[in-house]
Amino acid sequence: MGATLKAVTTTEGVAPFAFSEQALAECRAIMARYPEGRSKSALIPILHIAQAGNDGWLSVPAMDAVAALMGLQPIEVYEVASFYSMFNLRPVGRHVLEICRTTPCMLRGGDALIAHAEKRLGIHVGETTRDGLFTLKAVECLGSCGTAPMLQCGAKYHEDLTPEAFDALIEQLRSTALRSNYTDR
Amino acid sequence: MGRKLLLEHENVPGIAGLEVYRAKGGYRSVEKALRTMSPEAVVEEVKKSGLRGRGGAGFPTGMKWSFLAKPPGVPRYLVVNADESEPGTFKDRYLMERIPHLLIEGMITSSFALGANLAFIYIRGEYFHVSRILERAIDEARAAGWLGRNILGTGYDLEIHVQVGAGAYICGEETALLESLEGKRGNPRIKPPFPAVKGLYECPTVVNNVETIAAVVPIVNDGGEEYAKIGVGRSTGTKLISAGGNIRRPGVYEIELGVSCDEFINSDQWCGGVDGRAFKAVVPGGSSVPIVPYELFLRTAAGEPRLMTYESLSDGGFATGTMLGSGGFYAYNDAQCIVRSTWNHTRFYRHESCGQCSPCREGTGWMEKVLHRLEHGEGRLEDIDLLWDIQRRIEGNTICPLGDAAAWPVASAIRHFRDEFEFHVRHPRKVKDPRHFEKEPFVRTPKPAAV
Ligand SMILES: Cc1cc2nc3c(=O)[nH]c(=O)nc-3n(C[C@H](O)[C@H](O)[C@H](O)COP(=O)(O)O)c2cc1C
Ligand code: SF4
Ligand code: FES
């Protein structure tokens, strides 16, 4: 439960947020698919869209915009955003590397991969590299235990990882200008 | 012992698309049910099949369906549980990635049986890529007339939506899932009322696992009695097992229930034996089920060969048995440390506790703390009894079964591997190295067979 990183709860010095036209259309279509009066069901899908449109994290302005769009009290949005581990409540790097640390992965070298990643990137789990490119997270079982060790970056799973494969992935991501989002198709 | 009902076409190129799926006999169950059967008759076939929920609890599906309340004028819902977060479990993902139409077909046939006109797939947020595959399959099915208004001209309407979560193991618990689907925190509800009476939007709702709903397809196609011919006793049909840990051939396997445990773990048809060392322990059904020493996985306390069935795996109760659970199977070799693994399990449950009940919230926290110090060579002998005491106070005292799920791995590890915990107290320096059993495996004192 809850985000692994400490939340930024202020609006001071935080960029304003507005949905793009395309994102707005997508949000409205999602709200329309529930029975009448039940559009609050769209909250989690819409938070994902907001996060993808806000450099990968949910700032207070972004959450307030979601509340306004959906006709909810801001607290209804904050309490949900803070419950789920995929919502980042403070800025993250361009690529968030989420390495699985749960037991079945551990049996196949998950711990060693986390140790390697920390050394390679020069940061600890929960931190972001100085150049703002990478955030390292340790997460729970991602349903990929047979192809462990593994990590998730945006919508993509990277499985059967070796230290070499990890290093190659880092190099490839370094030259990728686009942010990795969960909502990527 | 190799019949496949769900994964028969897993390797057919293009099976994820409607055309190939249909060419392989897909959507026959929808034609049969909607054109020639009443909803009650479909429920009857599911009852006859003996199908039990594949999400972990193994509750008879036909019985669950017959509990669904049917007040006039109130909508009913089918919600498919694709949250799949139980550590060790990745079978639903495989099924949805490979053969998405099998789930959609099962949902149409099941929704018809339940009288639902709106159904949801609640899928864990981390499976965003899988949600796209499902959305594509739904679009294809709708375009071909399998979904939408007046399906096959029978007057039956159905819409299916895919709902993504956002990272929370607890949302696999059915009432937490419904809360989450309603746009709230995933806090489990107090039962009763059960979802069958008051579920999604306070309406009667059936929540079933992905694999359970997929199994409805062969059951309707071939009849419940045919399905029930496979298996042993009350464990009928086939089961998907996702196999991982220290085995040679990890992957997703569809087995006929009743395969022997020895064959499953050692034969090249499935796990292919140990990855170069010796087996030490097995968790056969996801991290929430008791861990058992390898010998007890192969044979019951009475010396009978154990089978991959609900009954055989739990033979002996928690003293010597375990559970089939979700089919999230993982095996340990002798380089692994049980204390370390138990600590990791507990860290997981602490992280995933929703925090509503104090025995679960506080208990998982304390257990993690104590296990952490034991694993790092800073524990005392009394810590082992303390752990036993904490887990005992959690079990049965919480709103949802996550509390039990956190207690059982600890209880079973102490029950079967107590001497390994003691070793950690006696040899603090040896266990400082996280790979302490790699060079010198821990040798257990054998216990008397009878308990
Ligand atoms: C903590 C917890 C997590 C669960 N996670 C899942 C899950 O990821 N998938 C699932 O199908 N069932 C899960 N369940 C079981 C569900 O509550 C429910 O029993 C199941 O979805 C019913 O479907 P079935 O009868 O088809 O198995 C979980 C239960 C608990 C207590
Ligand atoms: S047992 Fe744990 S997860 Fe379940 S409701 Fe209570 S605190 Fe939440
Ligand atoms: S334990 Fe890592 S993916 Fe399951």
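Residues numbered from 1 in each chain as written. Chains lettered and ligands numbered in written order. Predicted model: local features only at pLDDT ≥ 70, side-chain atom pairs only at ≥ 80, totals over all residues. Heavy atoms only, no water.

Caption draft 1: Summary view of the pairing of strand 5 (residues 205-209) of chain B. Residues and elements named next belong to chain B. Taking burial as the measure, the five residues of strand 5 include five buried ones, the bulk of the element. Alternating residues of strand 5 divide into Thr 205, Val 207 and Asn 209 and Val 206 and Asn 208, and every residue in both groups is buried. The pairing of strand 1 (residues 77-82) with strand 5 spans five bridges and is classified as parallel. Residue pairing in the sheet places Asn 81 in a bridge with Asn 209 of strand 5. (Buried < 20%, exposed > 50% of the residue type's maximum accessible area, 1.4 Å probe, protein only. Helix = DSSP H or I, 4+ residues; strand = E, 2+ residues; numbered from the N terminus. Pairing = 2+ DSSP bridges.)

Caption draft 2: Molecular detail of the sheet that holds strand 1 (residues 95-100) of chain A. Residue and element names in this part refer to chain A. Spatially, four strands are ordered 2-1-3-4 in an open sheet, and the strand pairing comes out mixed. Both edges of this open sheet fall to strand 2 (134-139) and strand 4 (156-158), since each of them pairs with a single strand only. Strand-to-strand twist across the sheet, computed as the mean angle between neighbouring axes with direction ignored, equals 25°. Relative to strand 2, strand 1 is paired through six bridges, and the arrangement is parallel. Bridge pairing in strand 2 places Leu 97 opposite Leu 136. (Axes fitted to C-alpha atoms, helices over the stretch in contact; angles between N-to-C directions.)

Caption draft 3: Just the environment of Val 8 of chain A, in detail. Residues and elements named next belong to chain A. By the secondary structure assignment, Val 8 is in the segment before helix 1 (21-31). Along the chain, Val 8 and Leu 89 lie 81 residues apart, while their C-alpha atoms are 6.0 Å from each other. Residues within four places of Val 8 in sequence aside, it is in contact with Val 14, Trp 57, Val 60, Leu 89, Arg 90 and Pro 91. (Contact = heavy atoms within 4.5 Å.)

Caption draft 4: Structural view of the packing of aromatic side chains. Using the criterion set out here, one finds 22 aromatic pairs over all chains in the structure. Judged by centre distance (5.0 Å) and plane angle (80°), the rings of Phe 17 of chain A and Phe 19 of chain A are edge-to-face. Residues Phe 17 of chain A and Phe 19 of chain A agree in their burial class; the two are buried. Between Phe 264 of chain B and Phe 329 of chain B, the ring centres sit 5.1 Å apart and the planes meet at 85°, which makes this aromatic pair edge-to-face. With Phe 264 of chain B in helix 11 (residues 261-266) and Phe 329 of chain B in strand 12 (residues 328-333), this residue pair connects regions lying 65 residues apart in the sequence. A residue is classified by how much of its surface remains accessible, and Phe 264 of chain B, at 0% relative accessible area, is buried. Site record: aromatic cluster; members linked through ring pairs are Tyr 253, Phe 264, Trp 270, Phe 297 and Phe 329 of chain B. The residue whose ring lies beneath Arg 52 of chain B is Tyr 310 of chain B, and the NZ or CZ to ring-centre distance is 4.1 Å. Here the guanidinium or amino end of Arg 124 of chain B rests over the ring plane of Tyr 127 of chain B, the centre of that ring lying 5.4 Å away. (Phe/Tyr/Trp six-rings, centres within 6.5 Å; stacked < 30°, edge-to-face > 60°. Lys NZ or Arg CZ within 6 Å of the ring centre and 35° of its normal.)

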